[in-house]
Every structure is written in structure tokens, then in C-alpha cells.
Amino acid sequence: MGMAIDHHRLGSPVPFRTDEPTPVYVHVPFCAKRCWYCDFNVVTGLGRLTGEYLKALIGDVAGFAKFLQSPRASHSIYIGGGTPSIISGARLRALLEALTAAFPPVPDAEITVEVNPTDATPQLMRALADGGTNRVSIGVQTFDDTRLAELDRLHDGDRAAEAVHLARAAGLASVSIDLLYGLPNQKPDHWEADLVRALALRPDHISAYALTLYGAGADARATTLGGTPAGDALAGYYDLAVARLAAAGYEHYEVSNWALPGHRSRHNLAIWQGSEYLGFGCGAHAVVGRRRYSTLRMPAAYLEARSSGTSVVEWQEDLTDADRLAELIATALRTADGLDLEHLRGAFGYDLVAQREAVCASLQSSGYARLTADRLTLTDPGLFLADGIAAELLPE
Amino acid sequence: MSAADLKRIRNFCIIAHVDHGKSTLADRLIEMTSAVSDREMREQLLDTLDLEREHGITIKATAIRMDYAADDGEDYQFNLIDTPGHVDFSYEVSRALAACEGAVLLVDASQGIEAQTVAHVHKALKLDLELVPVVNKVDMPSARTEAVKGEIAEVLGVDAGEILELSAKTGLGVRGVAEAVVNRLPAPMGDEDKELRALVFDSSYDKHQGVMAYVRVVDGWLQKGDGIRLPGSRQDAEAFEVGIFTPAFQPVDWLTAGEVGYVGTGLKDIQDCPVGDTLLRLGDDTVEALPGYEPAKPMVFAGVYPEHPPDFAALRKGLETLRLNDSALTFEPEESGALGFGFRVGFLGLLHMGIVRERLEREYDLDLVMTNPNVEYEITTHDGTVATVGRPSELPDRSNLEVVKEPWADLSVVAPTEYIGSVIELVRQIRGEIGEIEYLEPTRVLLSYRVPLAGLLIDFFDRLKSATRGYASMDYELSEYRAADVVRLDVLVNGEPVDALSVIADRESGTLRVREIVQRLRKVIPRQLFPVALQGAIGGRVVARENVPAMRKDVLAKCYGGDVTRKRKLLEKQKAGKKRMKRVGQVEIPQEAFSSLLDRSG
Ligand SMILES: Nc1nc2c(ncn2[C@@H]2O[C@H](COP(=O)(O)OP(=O)(O)OP(=O)(O)O)[C@@H](O)[C@H]2O)c(=O)[nH]1
Ligand code: SF4
Ligand SMILES: [Mg+2]
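Residues numbered from 1 in each chain as written. Chains lettered and ligands numbered in written order. Predicted model: local features only at pLDDT ≥ 70, side-chain atom pairs only at ≥ 80, totals over all residues.

Caption draft 1: Just the overall build of chain B, in detail. Across its full length, chain B carries 14 helices and 33 strands. By the compact-globule yardstick of 25 Å for 602 residues, chain B fits well, its C-alpha radius of gyration being 27 Å. Seen along its three principal axes, the alpha-carbon backbone of chain B occupies a region of about 85 × 65 × 60 Å. Buried positions account for 48% of the 602 residues belonging to chain B. Pairs at least 24 apart in sequence give 70% of the contacts found in chain B among residues at least 6 apart. (Helix = DSSP H or I, 4+ residues; strand = E, 2+ residues; numbered from the N terminus. Rg over C-alpha atoms; globule rule 2.2 N^0.38 Å. Buried ≥ 20, exposed ≤ 12 C-beta atoms within 10 Å, placed from the backbone. Contact = placed C-beta atoms within 7 Å.)

Structure (C-alpha cells):
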């Protein structure tokens, strides 16, 4: 346990470990066009702010490191968005350099940048590699051009495939693609075709998300487009992904994530397993000690706070043990490693199997979970019910 | 008070079908006599309960004294009792009538005579009351004043010329009604010099004075401090206060023969001062009590449970407090495997049930789970034991039943002739006996049937309304107990019987009924992690099955930094939602499931 941090002006200092490497998340909120289904913290039409934003961000990161006095190593760095790739290669590289200087990466640190296929060029990929990036996550969504247009995406399927090739050519060690299923007008055959085309590219990592509609606007849009499959039908799409990807040698290590051996996202896994993490930029989240906080969502507000030296914190809460236990169950259950029963007993005094005996028995007999002496893990069908199962596994 | 004084008293009720304007006429009379100052006056003044004002209906009878300066130059004392129109509360009408010599009968000029008009008229005539028939709402464009007069003349056997016209809303004809009360209704008889006899026609509870008995003094007189006795409940008490209704309580020096007023008794339990009892002077042991009347009998029974088990004590307190002002409410503790500790509560009908539930939830801040309602059965077992059963799980096995009797009711329906067929069909469906048809007008009839009360209980009125496009009205009255062939329908959830889901039905339609129940349950029980098997059984034999298949998806696709808080909040919400459900084994059953038959949409 080390010193207290308050670089982000949290109001009250928080005890902060300096000994363990930490995941670091950086948010870049800019996008060329807003996709109607998107629920991220995104702004469009503010391209002119990117330079200023990058400068503020770098100042924030460097200031934080200075504040810490003794540097803290980074376990992983993840630059997400929005669309980080909207920023020029040179600027991204400067950001990466600032990050690695502030939080020196451990030797095997995973450094990820999200890339929109529209922005993928040899130059960009080279700049990323030169900046120390060893993993890119490419927002493919689907290879189906009609669906892409309906999603308001600005690229086609070929362009997405091309992005994968460019990343490989630049020597980026781990290439991930994002896919979406359960799209309006997407039939099971279409989804299968997407999977086939994705597998032909043999990315190291595949995220396949069921389209989730947040809010009435998205609902209305999806309905206008022809409606999305729900519940049982959607499970069929999931089953297809599970089967196809397993057959191709991918490990299903989280509800929506599959990886070739050695390519699981270490950054995300650390977060699902309850690690602390730092967050920079606007609308970034961080967990330090018991404090969880998020930063100002609007770029203008963030810039203003940075330049005037006021707090960038928009929201914060202190997690109780019960909160932390609930979160850990909810997130760890999503992963292939599942719940570490000994850890639940040791850290929270929660003897899950004893207190939830009947539920555990039903979960096993219905084929949703496997229980060993030290772990409870969900099966593929169980993972698609992970939230409902988590609710059953919480203490009374 | 001398006989001459008695001549200037009129005790009367306003009776009518629901919504025909009783409370509005009461308002006009109050205004005319300035019984209440302009400042205090408001619409439907006598509807004092919050629920009455919100729903625009009268639930409880209320009384008011007014002084009316009549055209003959004399001042008259009017004691008016406003009564509820809804069938659940018709016993209130009977007891109000018992305190009066006459009644103003209101009939809506557009609607005409309705089922409860007839029912109330019968009650009044049985008590030999004089009636002043009045057609109300003659201001409405849809008024059919002459035709409605014809109906009234037919039913009452009076001359159409005697029927008054009124708009309680505009005030037209109000004075005419008051004059008719003076000239056509008899003054009370009674002898001030005889021993005290006062009929308790209603009561309420006051924190300071205990039970307030609402009385009609028949003979003798009573003043503050007098010792009193109630032969029915064998209670002795003291008249802490005597007074009249203005409509608020206003103490007076004494009440004498012919008058209506209240007596503060200091009694702590409303059961000690039952309505229908006679109030006598302490020591007058040989004086004969007045005829009185049957106390209101609950007709519908349902299990009422607190959603949160620790609220059991609060629920008991709530029921006890409500009963202080509602002698028709009965309750007994019971225990259910699925719902824990609660009460079997008896109600006058579904409206009464809804009102009690609403008051408990609102005034006592309770969340309640209620079972499907049922009537009460009289059973005789082989060893000759006779008992009443108001709870399905207490109905013994057929093998141990000698006789089961169920309540029957006299049902009257008023409807346009074109719907006679539909009404008959509905009555057949509930095993009713077809009765008489009486023409009120060439196009409107009064239909009388005898039906099992159980058939009327749940949605008969709604079905009647939809079968007659809203044109029918109905009224019913308990008539007798008859042998019945009933069975208990049980519901098993994943093989486990759930006592609170059992209902009683007649054997013939049992299978259909239990099928309907499990189908409704399938709709209200949400899909969950594990599949739910629902079975309907009669006498241990499964006759209906439904399944709620397991959910296939219950996970958010993404869960990164910012999603974690959202995720946790969702879990907390889910957990709170689960708490509201009742668990049977691994299955979560929502509260609506226990009263699934009341869900009209199913
Ligand atoms: N147009 C018109 N409306 C009237 C008249 N009298 C009453 N109403 C309306 O009819 C409705 C019912 O009147 P109430 O006085 O509440 O009827 P009620 O008979 O006391 O009703 P319950 O106590 O529920 O049986 C109200 O909306 C009144 O405003 C009238 O003479 N003309
Ligand atoms: S590009 Fe990505 S972050 Fe930007 S709006 Fe579309 S889905 Fe959202
Ligand atoms: Mg009324």
C-alpha cells in the first residue's frame, strides 16, 4: 500500500498501491459519424478538438505520474473510444510514448489500440507498432455491406478485411476483430457467412457481441429496419458462434470473447477479475482502492477542467465489501476461469457453495455450470445466462 | 318532546342505483337549509373518506341533521341518511332504512330503473317505508323523463303524476323534493314517556370516545351520563356524550324519541356495540329489544399476506383498526407454505375487498399478496362435524365429506329486451336457474334468477356488461345454502403443491377451470433460469400441464470499465425484484400469480 492519490481531484485521497502493475485505460471520444446503435461516450464533428485533447491528455497522464513520485508500472494499456484511429499516427505515437513513460510497461505488457477499418493505413499501423502497440482491435462489426450501411458504418467488408492484413503486415503481434450479431435483417445464414469470412482471416482474437439496444431511439431504429431477433432466436446465433469458433481452435474465455491460445485480452481479464485500473481522458472509468470514479464525459468540459486545474471527476462512489463481492461475482462469472471459491471465502468470508447449495446443484444438473473444489465455472449455455446466474449466486 | 314536536321531524334516506345522484341531492338539501356554511361546503359533502372522494362513490352511509323552513310556515327537523349504491354495501342501505320512516327514491332520467333501484325499493317496502319517487338529472339532453316516470309508476304502482322531477345538479326541483318529504313522509311515532329504546343503525370508532353508536331513538330519551346497556352484546356502558350530525359530531343535551343522533359509549370494540342492537337504559332489564336485523355477512374470502414477512404484525394492526369502523370485515390468522403468515379475510364483495386492500396498502404502508377469492362453504364430514370452510386448502377429501353446501343468491338484472338471450346464456354458464321476466317498459326488462354466489364473484359483472354493451345493471342478495358438488383444484409447481394457489370449483367444470388456472399462471410466471413445470390436479390426479421454458439469454453482451457499475445496479434491481416474488423451491412466483383469476386481461 502506498500513498494517497488525488491528482484527479477526487476530493478525498484514496490509498493507492504502487507495488502492483496496473491496467491503464485511455478514452478517445471522437468519431467521424455516430453509429445509431452505439452506447459509448462519443462525439462527432469535433475533429478540430483532437489536437488540443491529445495535449491535455498527455498533460494529464504525465501529471499523474509526477504526482505519484515513484512510478507505477503498467500491466496493460488500452486506448479505446470512440475512434482512437481518427487521430493521426504521429499524435497517437506521442500519446503512447507519454503513457509508457508515465507507466513503464512490464515486459509482457499488452498495449492495445482500437482501430476503425476506415482509418487503417500502412502508415497508421506502422506508427502504432513504433509506439509500442502490440495489439489492435479492429471494429469490423460485419462483412456484410448491406448490414454495414444499415449500421451507419463508413466502411465496407473488404475494407475491414484489408485492415486485418495491414495490421499483420506492420508486425502487430495480436490482431483482434469485433463482430456483431442479432442485427436487423441479419438471418442466421448471414451470421454464419460472417463467421466463415472472419475465420478465413484467422485473427488472434474475436469479440462477438449480441447487438444490444440501449434506449428508445435505438429500439425505434432497429424496428424501422426490420427488427432484431430476441431471446431464444438470439441464442441460436450465439450457439453458432460457440460451435464455429471452437471448431476453429478458438478458446471461449468470456461471454463475448474468443482467442487463439495465448491471445486472451489480459487488460480486460484483469478488470473482470477485480483488479484496480486507471483511466484517463473524458468519460473514462477508474478503480483505485475502494473508489470507483469516472471523468467528465464531454470533451469541452474535460479540456476546461484540465486547463483550469479543477477536478476532472464527474462521478465517484466508494464500494462496500458487498458491492465489491457483487461486482466480482458478476464479472468473474463471465470468464472461463469463473469464480475462485477460495478467494471469495478468504477475501469476503463468503462460502458460496455452502450458502447457495441448491442453486449450485441445479446449475450443475441443468448443465449451466461446473463445480470443482476451488472453482465454479459456467459452460457455454451458462455463459449466455451469466447475469441471471450471478443474481442467484449473490449472498442473501 | 311532545307529539306536536314529533310531527315536525322527518327521518329519511335517499335511495337509488349507483350514481343516480344521491350524494348530489344531499348537497343541494344541505345548501338549501344552510346546514353547512358556504365555506365548508364542497361537492358530495357527505362522502368524507378519501377513497369515496377519489372514486366518486359512497362507501359508508352518513347522516346529517338539517332545519328546513317549509312552505307551511313551520320549521322541520330533517335527519337525512345518505347511503351507498354499490351492491357490496347494500346492507348499509338496509340498516339506514331501518332508522327512517321514509325514503326519497331517485331514478336517473336517462338510465331509468336499474337493478339496485328495484332491490332498494323492495327493502324499503318490506320495512313499510313511505317513498317519494323522483326522476333526477332531467337537465340531461338524453333524459327520457316521461318514459322513466312510466317505469317507476309500473314498479311502485303509483300514479305517474305523483313522481317529481329534479335536477340535483342545477337545483331545479330541490324545494319540491323537500316539500314532499314534509308532506308525504310520515313523522316518526314514538313515545318519549316510555322506557328508552334506540336502534343502533351504524357505528364508528373514535380514539377518545371509543365506539360511537349511531342511533335512532324509538322511545324514551337519553342524556349525557346515562347508564346504557346493549342486550345483544350484553355490554353495559355510559353515554359519554350524546349528539347530532351536522354532519360533524355536535353534542346536544339530550336525544328523544323520533330523533337521530349518536352516543359516545366508551366501548373499545365495535363488536361490543353491533349494528342492529338496541340501546336500553341500564336497569331496564325487562324492556324488549327492537327487532334489529342481521349483521352484514362477508361473502367473499381471500388470503391476505404481507409481501415482507416481518410486516405480519403491522397487517394485523391494520386489519384491527379498519374493523373498528367496518363491522363487515372479518379475519382469522392462517399460515401458508408459500406465503408464510397472513389472514383469511372476509369481504362483502370484490369492491369491498379492493377498498380494504387499498386502505391497508396506503394507510398502513403495506405491500400485500392476495390469493384468489372464494365463497364460504358449509361442510359436514362423515362423523357429523359441521364446519364452514373459507380456505381451499381446508376443504377435506371427498372421502371424508358427507355434504358440502354453497351459498346461492337472488340475482336481478335489468337489461334491454334484445339482450335477454345473452343474459340467459351467461346465467346458464354459472349454473343459474332461469327465473322470471318482468317488463319495465316494452323495451326493458327486469330478470330474476337464483344462482350460486361463486359464479357471480369474480367477473360476472364485467361479462354481463360486455354481453349487453354496458346496458345491463345487476344486484344480488344472499338467499340460501344448497348442496353442492365441489372439488379442490390444486396447482403443483415443479412437482410441489402450492397451497396458496388452490381454489374450489364445482366438479363439473373443475377440469376446465384448473386448465384455465395453469394457463394463466404460465402467462404470469416469468421465464427463469430453470424450466418451470406447472400441473393442475384434482384429488391428486394431474389433469392439466403447462411449462414455462427456461430462459436462453440473460446476459449483457459487453462488460467493460464503465459497464461494471451499471451491471451492479442491475443486479441490485434484480435482487429487489426477486424479493418481491415468492419462492417455491427454485421457482420465483410473482404476486399476481396468487390472484390470477382476478386478472381480467387473462
Ligand atoms: N347532469 C346531471 N348530473 C347529475 C345530477 N345529479 C347528479 N349528477 C352527477 O352524477 C354523478 C353521480 O352523482 P352522485 O351524487 O355521486 O351519485 P350517488 O348516487 O351518490 O353515487 P353512489 O354513492 O356511488 O351510489 C356525479 O357526477 C354528479 O355530478 C343531475 O341532476 N344532473
Ligand atoms: S465508430 Fe464505434 S465508437 Fe464510434 S459511434 Fe460507431 S460504434 Fe460508436
Ligand atoms: Mg353517493
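Caption draft 2: Molecular detail of the pairing of strand 23 (residues 401-416) of chain B. Residues and elements named next belong to chain B. When strand 21 (residues 377-381) meets strand 23, the two strands line up antiparallel, connected through 4 bridges. Bridge pairing links I379 to V404 in strand 23. Bridging between strand 23 and strand 26 (residues 473-483) involves 10 bridges; their strand directions are antiparallel. The residue of strand 26 that forms the bridge with L411 is Y476. Taken together, the 9 bridges between strand 23 and strand 25 (residues 444-452) define a ladder with antiparallel strand orientation. Bridge pairing links V414 to L446 in strand 25. (Pairing = 2+ DSSP bridges.)

Caption draft 3: Structural view of the packing of helix 6 (residues 188-201) of chain A against helix 8 (residues 231-247) of chain A. All names here are of chain A. Two elements in contact, helix 6 and helix 8, have axes separated by 10 Å at closest approach and are oriented at 25°. Judged on the interaxial angle alone, helix 8 and helix 6 are roughly parallel. As helix 6 packs across helix 8, the resulting crossing turns out to be right-handed. Together, P188, W191, E192, L195 and L199 of helix 6 and G236, Y237, L240, A241 and R244 of helix 8 make up the contact between the two elements. (Axes fitted to C-alpha atoms, helices over the stretch in contact; angles between N-to-C directions. Parallel < 35°, antiparallel > 145°, perpendicular 65-115°, else oblique. Left-handed = near helix turned anticlockwise from the far one by under 90°.)

Caption draft 4: View of the domain arrangement of chain A. Residues and elements named next belong to chain A. The assigned domain composition of chain A is domain 1 (4-272) and domain 2 (321-392). Averaged C-alpha coordinates put domain 1 and domain 2 at centres separated by 28 Å. If one sorts the elements of the side of domain 1 that touches domain 2 by residue count, strand 11 (residues 251-254) sits on top with 4 residues. Taken together, the residues that form the side of domain 1 that touches domain 2 break down as 7 nonpolar, 1 polar and 2 charged. (Domains from an automatic or database assignment. Nonpolar A, V, L, I, M, F, W, Y, C, P; charged D, E, K, R; others polar.)

Caption draft 5: Up close: the nonpolar core. Core analysis: the biggest nonpolar cluster contains 166 residues, and A103, V104, L105, V134, A213, V215 and V413 of chain B have the highest contact counts within it. Once residues within four sequence positions are removed from consideration, A213 of chain B is found in contact with V200, S203, Y262, V263, T265, C273 and L279 of chain B. Counting 111 residues, the second largest nonpolar core, distinct from the first, contains L57, L124, V288 and A305 of chain A. (Core = buried A, V, L, I, M, F, W, Y, C linked by C-beta atoms within 7 Å.)

Caption draft 6: Spotlight on the sheet that holds strand 6 (residues 74-81) of chain A. Residue and element names in this part refer to chain A. If you trace the 9 strands from one edge of the open sheet to the other, you get 11-12-10-9-8-7-6-3-13, paired in mixed fashion. Every other strand in the sheet has two partners, leaving strand 11 and strand 13 (278-280) as the edge strands with one partner each. On average, each strand axis in the sheet is tilted by 20° relative to the strand beside it, whichever way the strands run. Relative to strand 12 (residues 257-259), strand 11 is paired through 3 bridges, and the arrangement is antiparallel. Looking at the pairing, H252 lines up with W258 of strand 12. Packing of helix 8 onto the sheet brings it into contact with strand 9 (174-181), strand 10 (205-210), strand 11 and strand 12, and relative to strand 10 it is tilted by some 170°.

Caption draft 7: Examining the interface of chain A and chain B more closely. In this assembly, 36 residues from chain A lie in contact with 23 residues from chain B. Ranked by the residues each element gives to the side of chain A that touches chain B, the list is headed by helix 16 (residues 386-393) of chain A, at 7 residues. Residues belonging to the side of chain A that touches chain B are distributed by class as follows: 18 nonpolar, 11 polar and 7 charged.

Caption draft 8: Summary view of helix 11 (residues 321-332) of chain A. With 12 residues, helix 11 of chain A should cover 16 Å at 1.5 Å per step; its first-to-last C-alpha distance of 16 Å lies within 8% of that length. If you check which residues of helix 11 of chain A are buried, you get L325, A326, E327, L328, I329, A330, T331 and A332 of chain A. Buried-residue contacts for helix 11 of chain A involve helix 9 (266-272), strand 17 (339-340), helix 12 (341-348) and helix 16 of chain A together with helix 14 (563-580) of chain B. (Expected span 1.5 Å × (residues − 1).)

Caption draft 9: Just the domain arrangement of chain B, in detail. All names here are of chain B. Partitioning chain B into domains gives domain 1 (3-184), domain 2 (197-281), domain 3 (300-373), domain 4 (378-483) and domain 5 (487-596). Look at where the C-alpha atoms of domain 1 and domain 3 centre, and you get two points 34 Å apart. Contacts between the two partners involve 6 residues from domain 1, matched on the other side by 7 residues from domain 3. Class assignment for the residues of the side of domain 1 that touches domain 3 results in 4 nonpolar, 1 polar and 1 charged.

Caption draft 10: Quick look at the packing of helix 11 of chain A against helix 14 of chain B. Close contact between helix 11 of chain A and helix 14 of chain B brings their axes to 10 Å; oriented N to C, the two are set at 105°. Here helix 14 of chain B runs roughly perpendicular to helix 11 of chain A, going by the angle between their axes. Residue-level inspection shows D323, A326, E327, A330 and T331 of chain A of helix 11 of chain A in contact with helix 14 of chain B, the latter providing V564, K567, R568 and L571 of chain B. Within the contact of helix 11 of chain A with helix 14 of chain B, the residues separate by chemical class into 4 nonpolar, 1 polar and 4 charged.

Caption draft 11: Region of interest: helix 5 (residues 157-169) of chain A. Residues and elements named next belong to chain A. Taking 1.5 Å per residue as the helical rise, helix 5 with its 13 residues ought to reach 18 Å, and the 19 Å between its terminal C-alpha atoms agrees with that figure. Buried residues in helix 5 make contact with strand 7 (105-115), helix 3 (122-130), strand 8 (135-141), helix 4 (145-150), strand 9 and helix 6. Remark: G171 follows helix 5 within two positions and exhibits a positive phi of approximately 85°.

Caption draft 12: Spatial organisation of unusual backbone geometry. Geometrically, the link from G81 of chain A to G82 of chain A is a cis peptide bond, its omega value of 20° lying close to zero. Turning to its location among the elements, G82 of chain A is positioned in the loop between strand 6 and helix 2 (89-102). Omega for the peptide link from T246 of chain B to P247 of chain B comes to 10°, which places this bond in the cis form. Positive phi values are uncommon outside glycine, yet D128 of chain B reaches one of about 65°. Structurally, D128 of chain B can be placed in the loop between helix 5 (115-126) and strand 5 (130-136). When the 9 C-beta atoms within 10 Å are taken as the criterion, D128 of chain B is described as exposed. Of note, R431 of chain B is a non-glycine position whose phi angle comes to about 70°, a positive value. Looking at where R431 of chain B falls in the secondary structure, it is placed in the loop between helix 10 (420-429) and strand 24 (437-441).

Caption draft 13: Quick peek at the sheet that holds strand 3 (residues 75-82) of chain B. Residues and elements named next belong to chain B. Pairing is mixed in the open sheet, where 6 strands are placed in the order 2-3-1-4-5-6. Two strands in the sheet have a free side with no partner beyond their single neighbour: strand 2 (62-69) and strand 6 (164-165). With 6 bridges joining them, strand 1 (residues 9-16) and strand 3 adopt parallel strand pairing. Among the inter-strand pairings, I14 is bridged to a residue of strand 3, identified as D82.

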